[in-house]
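Okay, here's what each chain looks like letter by letter:
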Amino acid sequence: AGLVTALFSISAFAQDVTGAGASFPAPLYAKWASDFNKATGVKINYQSVGSGAGLKQIEAKTVDFGASDAPLKDDELQAKGLMQFPTVIGGVIPVVNIPGIKPGELKLNGQVLGDIYLGKITKWNDPAIKALNASLALPDAAIAPVRRADGSGTSFLFTNYLSKVNAEWKSKVGEGTAVNWPTGAGGKGNEGVAAFVNRLPNSIGYVEYAYVKQNKMTYAQLQNAAGTFVSPDDSAFKAAAAGADWNKSFYQVLTNQAGKDSWPITGATFILMHKVQDKPASATTVLKFFDWAYKGGDKTADELDYVPMPDAVKATIAKAWGEVKDASGKPVAFK
């Protein structure tokens, strides 16, 4: 009866809300929103427009919450009057479409991956790729790199990783949600990159793991900081997140982490909200939705191969929600 009462109390005064941003968690947010709507009658409209656009929209207050896989540093949040909190952890995966190559057969490291996206390695049978894949029959075919066309938190994680493992990438291109790509064709959203790679023979791209599973894509193994070649899965993302200190700050970047089982391009995805709310009722609905998701949405996250936040971190997040206040300075209710 307690749960029924709680759900009725949500729908009694809740209103539909809108969020926009990262495509990385979009499959999960869509499922959470659908389940929440079935339970409460409240609609959470989430637009998968990329982290860059999500940040612009929350700053402009055209949405009730923004979403980004590129966390803002604490001083940036302060300057913009925003707060952020992580929802789940996932992985960014290199995917290929090479005739005859099956998922997990191709091995890459950060140096080679960076050199492909720098345009220095241009053929699949390049000696640097063959050195990592002695037993694979790699074609004498031109590599077609695919990257994001839009401002993207997935690109932030990918380029942040490349900046840590490829010195030339760091000096020439660097990291960001949008960079000056030396090569490659652009796809919009994780959805666009996945579709592009699936259509284009001899291509390589990078997408969040849920898109790899949904689209049955051919992923590559990556060599991690410990020197181990690992395949992507939620246990490898969990291993990479083990060292994060969420109590210190929600600004945690989880690429190239220590540990023999760690997936090297792991990241959390974040929600951004204004600390002072012009529409406190909408903020209440947003927080109630994520409170509901943290309490009952872990199984859905697991099924879609995202890693839920640990319970201790969820408790830290609930405390941080006290920063979200109405114009009179009163914390917005979410219980």
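Everything numeric here is computed off the predicted structure, so don't read it as measured data.

Re the pairing of strand E4 (residues 82-97)
Burial of E4 is extensive: 15 of the 16 residues sit out of reach of the surface. Here E4 pairs with strand E12 (residues 266-274) via 9 bridges, running antiparallel. Within E12, the residue paired with Val88 across the bridge is Thr269. Relative to strand E14 (residues 307-308), E4 runs antiparallel, the two sharing 2 bridges.

Side note on the side chain of Gln252
Mapped onto the elements of the fold, Gln252 is located in the loop between helix H11 (234-241) and E12. Residue class for Gln252 comes out buried when judged on its relative accessible area of 13%. Only 3.1 Å separates the side chain of Gln252 from the backbone oxygen of Ser249, close enough to count as a polar contact. What Gln252 contacts, discounting residues up to four positions off in sequence, is Pro71, Ala244, Asp245, Trp246 and Phe270.

Observations concerning the nonpolar core
Within the largest apolar cluster, 96 residues are counted, with the highest numbers of intra-cluster contacts made by Trp32, Phe85, Leu106, Trp246 and Phe290. If we ignore the near neighbours within four places in the chain, the residues touching Leu106 are Val96, Ile98, Ile101, Trp124, Ile129, Asn133, Leu136, Leu138, Ala220 and Gln221. Ile58, Val63, Leu72 and Leu82 belong to the second-largest nonpolar core, a separate cluster that totals 7 residues.

Thoughts on the sheet that holds strand E5 (residues 107-108)
The mixed open sheet is built from 3 strands, whose spatial order is E5-E10-E11. The open sheet has two edge strands with one neighbour each: E5 and strand E11 (229-230). Note that strand E10 (residues 221-223) and E11 share 2 bridges and pair antiparallel. Residue Gln223 lies in a different strand from E11, and its bridge partner there is Phe229.

Here's the deal with the confidence of the model for the chain
Looking at the chain, the pLDDT average stands at 95 and 96% of residues meet or exceed 70. Of the regions scoring below 50 in pLDDT, residues 1-13 engages in 10 contacts with residues more than four places distant in sequence or in other chains.

Some remarks on the packing of aromatic side chains
Counted according to the given criterion, the structure contains 22 aromatic pairs. Judged by centre distance (6.2 Å) and plane angle (15°), the ring pair of Phe289 and Trp292 falls under stacked. Here the residue Phe289 and the residue Trp292 both occupy positions in helix H12 (residues 280-296), the gap between them amounting to 3 residues, near one helical turn. For the pair formed by Phe289 and Trp292, the shared burial category is buried. An aromatic cluster is present here, built from Tyr29, Trp32, Phe36, Tyr46, Phe65, Phe85, Phe289, Phe290, Trp292, Tyr294, Trp321 and Phe334 joined pairwise through their rings. Residue placement shows Arg199 over the ring face of Phe196; its charged tip is 5.7 Å from the ring centre.

Quick word on the environment of Leu222
Considering the arrangement of structural elements, one finds Leu222 in strand E10. Residues Leu222 and Gly151, spaced 71 residues apart in sequence, show a C-alpha to C-alpha distance of 24 Å. Setting aside its immediate chain neighbours within four residues, Leu222 contacts Pro94, Leu108, Asn109, Leu113, Tyr161, Thr228, Phe229, Val230, Trp263, Pro264 and Ile265.

Topic: the side chain of Gln277
Tracing the sequence through the fold places Gln277 in strand E13 (residues 276-277). From its side chain, Gln277 meets the backbone oxygen of His274 in a polar contact 2.8 Å long. Residues in contact with Gln277, not counting those within four places in the same chain, are Ala283, Val324, Lys325, Asp326, Ala327 and Val332.

Reading the values: the criteria
- Residues numbered from 1 in each chain as written.
- Predicted model: local features only at pLDDT ≥ 70, side-chain atom pairs only at ≥ 80, totals over all residues.
- Heavy atoms only, no water.
- Buried < 20%, exposed > 50% of the residue type's maximum accessible area, 1.4 Å probe, protein only.
- Helix = DSSP H or I, 4+ residues; strand = E, 2+ residues; numbered from the N terminus.
- Pairing = 2+ DSSP bridges.
- Polar contact = N/O pair within 3.5 Å; in protein donor to acceptor, adjacent residues only side chain to side chain.
- Contact = heavy atoms within 4.5 Å.
- Core = buried A, V, L, I, M, F, W, Y, C linked by side-chain atoms within 4.5 Å.
- pLDDT = per-residue confidence, 0-100.
- Phe/Tyr/Trp six-rings, centres within 6.5 Å; stacked < 30°, edge-to-face > 60°.
- Lys NZ or Arg CZ within 6 Å of the ring centre and 35° of its normal.

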